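Report on the structure
In case you want the letters, here they are:
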Amino acid sequence: MIEVSNLVKQYGDHYAVDHLSFTVNEGEVLGFLGPNGAGKSTTMNIITGYISATEGTVTINGHDILDEPEEAKKCLGYLPELPPVYPDMTVKEYLFFVAEIKGVKREDRFDDVMNAMESTKITNYQNRLIRHLSKGYRQRTGIAGAMIGNPQIIILDEPTVGLDPSQIIEVRDLIKSLAKDHTIILSSHIMQEISAVCDRVLIINKGKMIVNDSIKDLSRRMSGSNRLELKVKGSAAQAKELILGIGDVESVDVVGEEDGIVEMHVYSKDTDVREQVFDACAGAHLPIYAMNLIEMTLEEIFIKLVQNMEKEKGEEEK
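A separate point is helix α1 (residues 40–47). Along α1, seven of the eight residues are buried, which leaves the element largely enclosed by surrounding structure. What α1 keeps buried is the set Lys40, Thr42, Thr43, Met44, Asn45, Ile46 and Ile47. Immediately beyond the C-terminal end of α1, within one or two residues, lies Gly49, with a positive phi of roughly 80°.

Another point: the packing of helix α3 (residues 91–101) against helix α5 (residues 135–147). It is at 9 Å that the axes of α3 and α5 come closest, and there the two elements cross at 25°. Regarding the angle of α3 to α5, the classification is roughly parallel. Every pair of crossing elements has a handedness; the one defined by α3 and α5 is right-handed. Touching Val91, Tyr94, Leu95 and Val98 of α3 are Thr141, Ala144 and Gly145, all from α5. A class-by-class count of the residues in the contact of α3 with α5 yields five nonpolar, two polar and no charged.

The subject of this paragraph is the pairing of strand β2 (residues 14–24). Sheet topology note: the strand β1 (residues 2–11)/β2 ladder contains seven bridges and is antiparallel. In the sheet register, Val4 faces β2, and the bridge partner there is Phe22. The hairpin formed by β1 and β2 contains two residues between the paired strands, and Gly12 there has a positive phi angle of roughly 65°.

In this section: the sheet that holds β1. The strand order β2-β1-β4-β5 describes an open sheet built from four strands, whose pairing is antiparallel. At either end of the open sheet lies a strand with only one pairing partner, and these are β2 and β5 (63–64).

Strand order across the open sheet formed by six strands is β6-β7-β8-β3-β9-β10, with mixed pairing between neighbours. In the strand order of this sheet, the two ends are held by β6 (76–79) and β10 (208–214), each with one partner. Recorded for the sheet is a direction-independent mean angle of 15° between the axes of neighbouring strands. Strand direction decides the pairing type here: strand β7 (residues 153–157) and strand β8 (residues 183–187), joined by five bridges, are parallel. Counted as the bridge partner of Asp157 is Ser187 from β8.

So, on to the pattern of salt bridges. In the structure shown here, the tally under the stated rule is seven salt bridges. Measuring nitrogen to oxygen at the nearest pair gives 2.7 Å for the salt bridge that ties Arg200 to Glu28. Taken as a pair, Arg200 in strand β9 (residues 200–205) and Glu28 in the loop between β2 and β3 (29–33) lie far apart in primary sequence, 172 residues in all. Of the two residues, Arg200 and Glu28, neither departs from the other in class, the shared state being buried. Among the salt bridges present, the one from Glu229 reaches Arg227, with a minimum N-O distance of 2.9 Å. By relative accessible area, which is 24% here, Glu229 ends up partly exposed. Residue Arg227 is classed as partly exposed on the basis of its relative accessible area, which comes to 24%.

This part is about the nonpolar core. Counting residues in hydrophobic clusters, the biggest one holds 44 residues, and the most contacted among them are Leu95, Ile143, Ile148, Leu156, Ile184, Leu186 and Ile203. Apart from the residues lying within four places of it in its own chain, the contact partners of Ile203 are Leu33, Lys208, Met209, Ile210, Val211, Leu218, Phe302 and Leu305.

Attention now moves to the side chain of Arg172. Within the element layout of this structure, Arg172 appears in helix α6 (residues 165–178). Judged by relative accessible area, Arg172 falls into the buried class, the value being 17%.

A few words now on the environment of Tyr15. Inspection of the secondary structure puts Tyr15 in strand β2. Measuring from C-alpha to C-alpha, the distance between Tyr15 and Lys206 comes to 7.6 Å, with 191 residues separating the pair along the chain. Ignoring sequence-local partners within four residues, the contact set of Tyr15 consists of Val8, Lys9, Gln10 and Lys206.

Procedures and definitions
Residues numbered from 1 in each chain as written. Predicted model: local features only at pLDDT ≥ 70, side-chain atom pairs only at ≥ 80, totals over all residues. Heavy atoms only, no water. Buried < 20%, exposed > 50% of the residue type's maximum accessible area, 1.4 Å probe, protein only. Helix = DSSP H or I, 4+ residues; strand = E, 2+ residues; numbered from the N terminus. Axes fitted to C-alpha atoms, helices over the stretch in contact; angles between N-to-C directions. Parallel < 35°, antiparallel > 145°, perpendicular 65-115°, else oblique. Left-handed = near helix turned anticlockwise from the far one by under 90°. Contact = heavy atoms within 4.5 Å. Nonpolar A, V, L, I, M, F, W, Y, C, P; charged D, E, K, R; others polar. Pairing = 2+ DSSP bridges. Salt bridge = Lys/Arg side-chain N within 4 Å of Asp/Glu carboxyl O. Core = buried A, V, L, I, M, F, W, Y, C linked by side-chain atoms within 4.5 Å.

These values are about where atoms sit, not about what they do.
Okay, structure coming up:
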């Protein structure tokens, strides 16, 4: 569907995008993450053909964005961070204008515009001036514009920025509904949004890829991502020694002991050790009072990955 190969965007000595390669498969929702200045918007602008790359290629459904821009762009719908809507147009006027610009056949424009408005739930606002819409409905109008021409791929750059909590939920639900029929790239700083909507996450920093993985697998393979909060009845020394004897357990921290109940945090890297812990405690006659598996949130993973990259870079520069 989308293939980005060895992509570079250089401004003087600065690399906004630094030899970036990834693919997006049909029907997938990809979360695109990175701190401010990481190169996310630059990458999306190159994918959409808005700016050119210094090196590398972007292929959309087999069409090179540089060599076959018209064919490649027919497959794309793009909503930049600031929706390019015209405040003195009505919603319907704007969408018909977008349809004309995109080259939608005259006989198909009405159905295309009506379908886009229906999908984004703005049909009741079609005759209202865009300047009189709330920010949430301006975003919906921008998304409707991205849908004109029925593109297979929709790219959304910070679609909920500046919205209030209720508007964020509405736009998030809209993205979920679009994901049923489209391939989506979603850039956002709201980690709950990425976790709720996306199948896979791509994290970059300073133009370089840090990780490209499913959210579930990313959490599993992070060191310390599986923390088991455990309470057992018995001595702290006995319980800790017992749990450390489980092969997949990396470390055990005793965090409290009261009235003969020991509270521990059990860390494992890639394995859910709850069954092993249960069997070990049952065999040693240590009653379990509580056992909860806590996985790192996407926000915690993101911060840790960026910090690790900065740490490694600092060590290389020494």
